[in-house]
Structure formats: structure tokens, C-alpha cells
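Structural characterization, general
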Amino acid sequence: MIPGGRLVVLGKQGAGKGTQCVRLSHHYVIPHISTGDMLRGEQKAGTELGLEAQRYMDSGELIPDEVVLKMVAQRLDQDDTRTRGFVLDGFPRTVAQAEGLDELLSPASLDLPVNIVVPTPLVLRRLASRRVCEDCAAIYSTVSPPRVAWICDACGGEVIHREDDTEAAIHRRLDLYEQQTQPLITWYRRAGKLVSISGVGSPEAVSDRLIAAVDDHRSASGGFGAPLRVSGGLSPRSDPDEGAGYESDPDEGAGYESDPEERHG
Ligand code: ADP
Ligand code: ZN
């Protein structure tokens, strides 16, 4: 049996969280929980929560902590998350949300928060070209579009430019990230758990780094409750070419290079 895990993926908009969380979700067989996707789903369904969320989301503001926490609490209470764990995407985004999450999980706890680090000029380029499926949230870009023009390869849904991927809303979200999410990274780092990896490079290169970091941490801490599935010997420390790919308490300057693919968000 593949052991599950309780993971959080952090990183600014366009760092590739969505793409990478889908990959982690498949690799570890754990549900991918994206608060952004959940909120967009509520909007689409026209629920009260969706209506309330809309005005914040369109302008790139954060939904109030207690609203998001309540939504996440319900999701974490489902059978799949109880048995397998989860990979959380876009949550927590504030220290208050992280504290709320700890309470929800208690007496268990998070296994690992992973921070995907990408320089801002690169995320700005990625977000400007990002396109998403309205129905299943699959991520494309103008550089890497679906096979048939703007019809999702996975589900046949319409692939669109998100309303909050406009320049003004992107800048607002990046500002909020600095103000509210950066302190969260410091908070996790102080708690001694945070692992950071570079998000520069192809989606495959980044997910290899991520899985290696998670696996490495898992064996170092004696497993997240169960032994680890070996992922093809991808230890960044044993591969000199992968060098600065990840460190357990890095300086945010490490591991940047030009992005050969620049196609995901
Ligand atoms: P991005 O990471 O590109 O901002 P998301 O899909 O994660 O995109 O989120 C879109 C919007 O949904 C956010 O701008 C915010 O309004 C809302 N949202 C998502 N997750 C949270 C959260 N944890 N707390 C508050 N608001 C959230
Ligand atoms: Zn789709």
C-alpha cells in the first residue's frame, strides 16, 4: 500500500502550485484540495458561499479566514481525507488559517509544508499566459494550449483566461501574498518543518524535486506513520546536477535559473 500524507504546498501565484499538487495527488494517492477551485465551484453552483466569495475573488482579495476555515473543515471531515490525508493547495494563506488548520488536525498534525519558490518576474509572465478549464480546473497556457483550440483535453470543458488573472488583480494578489502569506512561511520555518524547493524549470523537473524532498523528509523523520514508496531514487543530494534544487531551510535566492518551459501557472 502506498502511504498517504498530510501535505501543504505554498508558493506565490504562478509558482505552479496547481500543476504540482495534481502530480503529488496522483503520486501519493491523496486528495488534492484547492480552496480556489472549491470557491470557484461554489460560485458556479450559485451557492450563498459562492456569492459571498465572488466580490473578494474578482478583485483578488482574500476571503475572510473564518469562511475559508469552515469550508476546509467540512472537506477534511470526508472519508478520503480521513484515511489518505491530503495535499492542500492555496490554503492556509494566513497565519490565522494555519493555526486553524493545526486545530482541525489535532491530535494529529501536518506532515510537511513545502514552499515552491519562483522569482516574481517569472510568475508575472506565467500568469499572463495562464489559461484554465472552467469545469475541471486543468491548467494550460498560451504556450502549451489544449490539443483542440480552448477545449479541455481532460474533460471537454471550456478553457478560459481567469477573470482574476488580469494585471491589476495579479498585482493585488502578489501584494497580499507578500503581506499575509510570507509571514506564514516564516511561521512554518520557525516551527522547523518547512522545506523549500525551486519552482523554476519544467513541470517534470519541479515535481521530481518535490517528490524527492517529500520522500527525503519522510525517511528522515521515520515516516509519516508508514514507510515510504520509493520514487526511483530521486535524491537531490545524490545527484550533483540537481544541486541547489532544494534545501531544508533555504535562502529564497537559491536555485534560480531561466525557465526553459515557462508554461504553467
Ligand atoms: P491564486 O493562487 O492564483 O490566487 P487561487 O485559485 O488559489 O488562485 O485563489 C483564487 C482566489 O480565491 C483568491 O484570490 C482568494 O480570493 C480566494 N481564496 C482561495 N483560497 C483562499 C484562502 N485560503 N483564503 C482566502 N481566500 C482564498
Ligand atoms: Zn477540463
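Just so it is clear, the model here is predicted, and its values are computed rather than measured. Position numbers for residues start from 1 in each chain and track the written sequence from start to end. Chain letters and ligand numbers both follow the written order, the letters beginning at A and the numbers at 1. It should be noted that, the model being predicted, local features are given only for residues of pLDDT at least 70 and side-chain atom pairs only at 80 or more, the latter also being counted only at that level, while totals for whole chains, interfaces and linings use all residues. For side-chain calculations, the full set of non-hydrogen atoms in the structure is used, while hydrogens and water are omitted.

**Looking at the site of ligand 1**
- Note on definitions. A residue lies near a molecule or strand when any single heavy atom of the residue is within 4 Å of it. Neighbouring residues of ligand 1: 20 residues in total, closest Thr-35, Arg-40, Glu-61, Gln-97 and Arg-173.
- Between ligand 1 and Ile-63, the relevant distance is 3.0 Å, taken from a nitrogen atom to a main-chain nitrogen or oxygen of the residue.
- One of the side-chain nitrogen or oxygen atoms of Arg-93 is found 2.9 Å away from an oxygen atom of ligand 1.
- The protein chains hide 97% of the 540 Å² of surface that ligand 1 would expose on its own. We call two N or O atoms a polar contact when they sit within 3.5 Å, provided that within protein one can donate a hydrogen and the other can accept it, with sequence-adjacent residues counted only if both atoms are side-chain atoms. Note on areas: Shrake-Rupley, 1.4 Å probe, and residue coverage restricted to the protein chains presented here.

**Side note on the coordination of the zinc ion (ligand 2)**
- For Na, K and Ca the donor cut-off is 3.2 Å, while for other metals it is 2.8 Å, and in both cases only N, O and S atoms qualify; water is not among them, so sites may look incomplete. For the zinc ion (ligand 2), the protein coordination sphere consists of Cys-133 (SG), Cys-136 (SG), Cys-152 (SG) and Cys-155 (SG), at 2.3 to 2.4 Å.
- All geometry calls rest on donor angles, where a four-donor set with angles between 85 and 135 degrees is tetrahedral, four- and six-donor sets with opposite donors more than 155 degrees apart and all others between 65 and 115 are square planar and octahedral, and all else is irregular. Classification of the site at the zinc ion (ligand 2) rests on its 4 donor atoms, whose angles at the metal span 101 to 116°, yielding the label tetrahedral.
- Along the chain, the residues donating to the zinc ion (ligand 2) fall in the pattern C-x2-C-x15-C-x2-C.
- The classification of residues rests on relative accessible area computed with a 1.4 Å probe and restricted to protein chains. Under 20% of the type maximum is buried, over 50% is exposed, and intermediate values are partly exposed. Classification of Cys-136 as partly exposed rests on a relative accessible area of 37%.

**Points about helix H4 (residues 65-76)**
- Helix and strand definitions here come from DSSP, where helices need a minimum of 4 consecutive H or I residues and strands a minimum of 2 consecutive E residues; each element is numbered from the N-terminal end. One less than the number of residues in a helix, times 1.5 Å, gives the span that helix is expected to have. For H4, which comprises 12 residues, the first-to-last C-alpha distance of 16 Å matches the rise-based estimate of 16 Å (1.5 Å per residue) to within 8%.
- Those residues of H4 that sit buried are Val-67, Val-68, Leu-69, Met-71, Val-72, Arg-75 and Leu-76.
- Packing partners of the buried residues in H4 comprise strand E2 (32-34), helix H2 (35-45), helix H3 (48-59), helix H5 (79-84), strand E3 (85-89) and helix H6 (95-105). By definition in these notes, contact holds between two residues if any of their heavy atoms fall within 4.5 Å.

**Structural notes on the pairing of E3**
- Burial of E3 is extensive: 5 of the 5 residues sit out of reach of the surface.
- Going residue by residue along E3, you find Gly-85, Val-87 and Asp-89 tucked away on one face and Phe-86 and Leu-88 tucked away on the opposite face as well.
- Taken together, the 5 bridges between strand E1 (residues 5-10) and E3 define a ladder with parallel strand orientation. Following the sheet pairing, Arg-6 is matched in E3 by Phe-86. Two strands qualify as a pair provided DSSP detects at least 2 bridges between them.

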